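# Per-entry structural report
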Amino acid sequence: MSWELLLWLLVLCVLLALVVQLLRFLRADGDLTLLWAEWQGRRPEWELTDMVVWVTGASSGIGEELACQLSKLGVSLVLSARRVQELERVKTRCLENGNLKEKDILVLPLDLTDRSSHEAATKAVLQEFGKIDILVNNAGRSQRSLCMDTSLDVFKELIELNYLGTVSLTMCVLPHMIERKQGKIVIVNSLLGILSAPLSSGYCASKHALRGFFNCLRAELATYPGIVISNICPGPVQSNIVKNSLTEDVQKTIGVETAQSHKMATSRCVRLMLISMANDLKEVWISDHPFLLITYFWQYMPTWALWLTNKLGKRRIENFKNGLVRPIYALLNIYQSCRKV
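An account of the accompanying structure is given in this report. Predicted model only: the values in this text are computed from it and were never measured.

Counting its regular elements, the protein contains twelve helices and seven strands. In terms of C-alpha radius of gyration, the protein reaches 21 Å, essentially the compact-globule figure of 20 Å for 341 residues. Here the C-alpha coordinates of the protein stretch approximately 70 × 60 × 40 Å along the principal axes. A total of 341 residues make up the protein; the buried ones form 48% of that total. When contacts within the protein are restricted to residue pairs at least 6 apart in sequence, those whose partners lie at least 24 apart make up 72%. Total accessible area on the protein is roughly 17100 Å²; 59% of this is exposed by carbon and sulfur atoms.

Here it is in structure tokens:
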């Protein structure tokens, strides 16, 4: 075989690999590293059994679904949120649909903004189960309002809950993990912790802060390879996060149901989260297109991303003022129509 023919075969193989990757990406609902782990990586059913998992924000949405899927893996669960009745409901669901008994689930009411209570809560978990293998920092709140119309109290509330509350609880749990030289700290961030979008300035700021803090903490814990920090960034997921979002006033929320059909099913998002936890992935993006594509633009082509965001942002702000659907959803509908063809 001549060198020239070998070179052409090599070029052909490279082009074929690029085409395969492009086709995979067009149908992706997560970053390619995550989807590779789903295909070839370790299974949650193998890796997460017999662990003690503490989930904050467990009373609804991603937190509730995560608790339910974990209950089928034979873990011990700690469920935390402010609403005790909702936590009891989630506990009942876990007992009915999972493989756990009453003694395997601890309902631990917790307000992340009350940072003085975090140390006592951590001690209560350790007293109950003797260890904390995984802390899932899921609790948080979103925002929908124009920056110039928004009270400073709204920004303060979002930083207190999404950022400082998460950091505080993590710092209470971390000494225990350092002592054991193992553990997983999972942060349920957002694609808005990578990119930015109009009407969510306070939310974006809190999520960007989380990403920066935990990336720095990961580097400082390099001497403890058994402690894994996973930054999980979902896009739109079926939940009440928009309904419960703060507006321009800290006392007001959106308060109305929003369309869910365009969003990823919560069960699929949580399954991908469990795969990332089982494979110790440092950062994952979980979303359908076009949100996933836009995230890649923000990560690798920020100038183009800013141009696109500005274009879509003008329409988004106009539609928000008029109470209409956001233009990004129209873009989603176009993409889905093309995908069906």
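Helix H5 (residues 84-97) packs onto helix H4 (residues 61-71) with a crossing angle of 30° between their chain directions and a minimal axis gap of 9 Å. Classified by the interaxial angle, the pair formed by H4 and H5 is roughly parallel. Of the two possible hands of crossing, H4 and H5 adopt the one that is right-handed. Within the contact between the two elements, H4 uses Glu64, Glu65, Ala67, Cys68 and Ser71 and H5 uses Arg89, Val90, Arg93 and Cys94. Partitioning the contact of H4 with H5 into residue classes produces four nonpolar, one polar and four charged.

We now examine the environment of Trp307. Locating Trp307 in the fold gives a position in helix H11 (residues 302-322). Here Trp307 falls in the partly exposed class, since its relative accessible area comes to 49%.

Evaluation of the coordinates by the stated rule reveals six aromatic pairs. Centre to centre, the rings of Phe213 and Phe214 are 5.0 Å apart; their planes meet at 85°, and the pair counts as edge-to-face. With a centroid separation of 6.3 Å and an interplanar angle of 80°, the aromatic rings of Trp304 and Trp307 are classed as edge-to-face. Of the two residues, Trp304 and Trp307 both sit in helix H11, three residues apart, roughly one turn of that helix. Residue Trp304 is classed as exposed on the basis of its relative accessible area, which comes to 55%. In textbook terms, an aromatic cluster arises when at least three aromatic residues are bridged by ring pairs, as seen for Tyr163, Phe213 and Phe214.

The next thing to look at is the nonpolar core. Counting 57 residues, the largest nonpolar core has Val53, Leu70, Leu77, Val136, Met273 and Ile286 as the members making the most contacts within it. Broken down by element, this core gets its largest block of residues, seven residues, from helix H9 (residues 266-278). When sequence neighbours within four positions are dropped, the list of residues in contact with Val136 reads Val53, Trp54, Val55, Thr56, Leu66, Val186, Val188 and Met277. Core analysis: the second largest hydrophobic core is formed by 28 residues, Val52, Leu110, Leu135 and Phe214 among them.

This brings us to a nonpolar patch on the surface. There is a patch of nonpolar side chains on the surface, built from Leu7, Trp8, Leu10, Val11, Val14, Leu15 and Leu18 and spanning about 720 Å² of accessible area. Residue placement: Val14 occurs in helix H1 (residues 3-26). Accessibility expressed as a relative area gives 44% for Val14, which makes it partly exposed.

What counts, and where the lines are drawn
Residues numbered from 1 in each chain as written. Predicted model: local features only at pLDDT ≥ 70, side-chain atom pairs only at ≥ 80, totals over all residues. Heavy atoms only, no water. Helix = DSSP H or I, 4+ residues; strand = E, 2+ residues; numbered from the N terminus. Rg over C-alpha atoms; globule rule 2.2 N^0.38 Å. Buried < 20%, exposed > 50% of the residue type's maximum accessible area, 1.4 Å probe, protein only. Contact = heavy atoms within 4.5 Å. Areas by Shrake-Rupley, 256 points an atom, 1.4 Å probe, with all protein chains shown as cover. Axes fitted to C-alpha atoms, helices over the stretch in contact; angles between N-to-C directions. Parallel < 35°, antiparallel > 145°, perpendicular 65-115°, else oblique. Left-handed = near helix turned anticlockwise from the far one by under 90°. Nonpolar A, V, L, I, M, F, W, Y, C, P; charged D, E, K, R; others polar. Phe/Tyr/Trp six-rings, centres within 6.5 Å; stacked < 30°, edge-to-face > 60°. Core = buried A, V, L, I, M, F, W, Y, C linked by side-chain atoms within 4.5 Å. Patch = residues over 30% accessible without salt bridge, like charges linked within 9 Å, V, L, I, M, F, W, Y side chains within 5 Å. Salt bridge = Lys/Arg side-chain N within 4 Å of Asp/Glu carboxyl O.

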